[in-house]
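Descriptive structure summary
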Amino acid sequence: MIEGAVLGRLAGLLVVGVILQTAVVSQVTVLGAPVDLFPLVVATAGLLLGSIGGAAFGFAAGLFIDVALLQAVGVTSLVYTVVGYGAGRLLELRDPSHGLAPMAVGAAATLAATVGFAILTFMLGVDAPVSLLLLRQILVTVVVNTLLALPVYALVRRILDAHLPEDPRRRRRRASTTRLSPLSRA
Amino acid sequence: MYDRTVRRRRLTLAGFVALSLILLTAWFGESAGGLLHSLQRGALGVLAPVQEGANRAIAPVRDAFGWAGDTLDAKSERDRLVRRNRALEEEVTRQQVQLSEFSQLKGLEQVNAANDLDRYRPERAKVIGQSPSLFYSEIILDRGSSEGIAVDQPVIGTGGLVGRVTNVVGNASTVTLITDEEFAAPARTTRGGVAGTIRPETGTPGDLIFEFADKTEEVEEGDRVATSAGGSIRFPSYFPSGIPIGKVSRIEDGAGELDREIHVRPAADISNLRYVTVLTSVPRDALTAATGTGGGAP
């Protein structure tokens, strides 16, 4: 169960993150594509909280973004719910311990988010052709987010770390250290 | 325990997805004054000042990122424009060459028409080679004996006389230009009919001398000089009368009448020949008959 302190930090991360994303980050463009860090934030939350926490955070983040940006309410929340849930399931099933795992997860999350958002937008009747420009923007966003995945993961983890439930990896590391430490024999 | 966890997880996912779809349906279904739209407007009212503050506070950082992005964009834009510029320059060069060729062909037509040269069966030829000498004394044509070209036939360029054919093979020929030091031809001024011989000025490429004139005092600057049939034993004429050679550019007075040196600037641009006309059928009587001034220059 997620503690109240974690909920507070998640809420703060959500509000500050959305404000920064909409007011600052999304105005920075790389090769014509605006930077969008929120798929990374949602995926990181999923990686740290698990599937239920990831889905909940994704839903809340998407809803807040839809409300703040006056978009069709429900679109982003639907996409981010799936992204957060998927990242959380990865934690539960594979428990990725490799240092570069956040990069792979970030790339996959960004790809899923951008493609999912595009598909939903088209389904809702936005009359825009699937052009090479759109594909290029998706590719650029995925590449940029892959490069930014590690710092974002480190930042979000730093914000939430002290209040997270016991990490199985840390548990394993501590157990193994205890066995090998000469102090344990004392 | 495990089943309950799985069920809870799936229910959570399904619940959030369903909630999203409900919100989506409700948002599209309601009017602009509906609950969700009002909520969005309210949120905008609250968040806008905060966003504005954040925007101002972090503007330098954003601008720095923007500068980096713009630099990358500018570099790719520059590369694209360089490629486009190169392609356009090639296109312009190609068109200028075509324009120059067209201009020369038009000039040839004008010379032919003005001097009635069609009666001599003109054969158009392209200049495919030129002696690298500064004196431009010889050119190579892409037409030869197969097209009826023979030695000593007159060659006309844009503006007037260029030279005469001196070597011929089946599909090519060489032309000795009027600026070659060996070249000489009987000539006559078109205004006063003063007869003389045109020869190149040794050591001065592009400058001709009108010499052995019988009444040099009648020649003035600006007078046009054209070929003259007849000639002499020393300088037999290979050219029918009336083909423009050039214009008197300056006259240098000497001690006597015979010392006057009359300089003629060629009418044809010898240094820039792309197309010429070879007169392939000049009757013998056209070369021997002294017909006076003949046709005028174009």
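Going by the structure above, here's the rest.
Reading guide: rules and limits
- Residues numbered from 1 in each chain as written.
- Chains lettered and ligands numbered in written order.
- Predicted model: local features only at pLDDT ≥ 70, side-chain atom pairs only at ≥ 80, totals over all residues.
- Helix = DSSP H or I, 4+ residues; strand = E, 2+ residues; numbered from the N terminus.
- Buried ≥ 20, exposed ≤ 12 C-beta atoms within 10 Å, placed from the backbone.
- Contact = placed C-beta atoms within 7 Å.
- Pairing = 2+ DSSP bridges.
- Axes fitted to C-alpha atoms, helices over the stretch in contact; angles between N-to-C directions.
- Nonpolar A, V, L, I, M, F, W, Y, C, P; charged D, E, K, R; others polar.

**A word on the overall build of chain A**
A count of helices and strands for chain A gives seven helices and two strands. Ordered by position from N to C terminus, the α and β elements of chain A give α-β-β-α-α-α-α-α-α. Residues counted as buried form 41% of the 186 residues belonging to chain A. Contacts in chain A between residues at least 24 apart in sequence constitute 75% of all its contacts with a sequence separation of at least 6.

**Here we look at the sheet that holds strand S11 (residues 261-266) of chain B**
Residue and element names in this part refer to chain B. Ordered in space as S6-S7-S8-S11-S10-S9, the six strands form a closed barrel in which the pairing is antiparallel. Averaged over all pairs of adjacent strands, the angle between strand axes in this sheet comes to 40°, irrespective of strand direction. Pairing of strand S6 (residues 185-189) with strand S7 (residues 195-200) involves four bridges; the strand directions are antiparallel. Its bridge partner lying in S7, alanine 185 is registered against isoleucine 198.

**A few points about the interface of chain A and chain B**
Put simply, an interface is often sized by how much accessible area is lost when its parts join up. Listed per partner, the contact involves 26 residues of chain A and 30 residues of chain B. Elements supplying a minimum of two residues to the side of chain A that touches chain B: helix H1 (4-23), strand S1 (29-30), helix H3 (51-68) and helix H4 (75-94) of chain A. Ranked by residue count, the leading element in the side of chain A that touches chain B is H3(A), at seven residues. Split by residue class, the side of chain A that touches chain B holds 19 nonpolar, seven polar and no charged.

**With respect to the pairing of strand S9 (residues 224-227) of chain B**
Residue and element names in this part refer to chain B. Sheet topology note: the S6/S9 ladder contains three bridges and is antiparallel. By the bridge assignment for S9, threonine 189 is matched with valine 225. Where S9 lies against strand S10 (residues 244-252), three bridges are found, and the strand directions are antiparallel. By the bridge assignment, arginine 224 is partnered in S10 with lysine 247.

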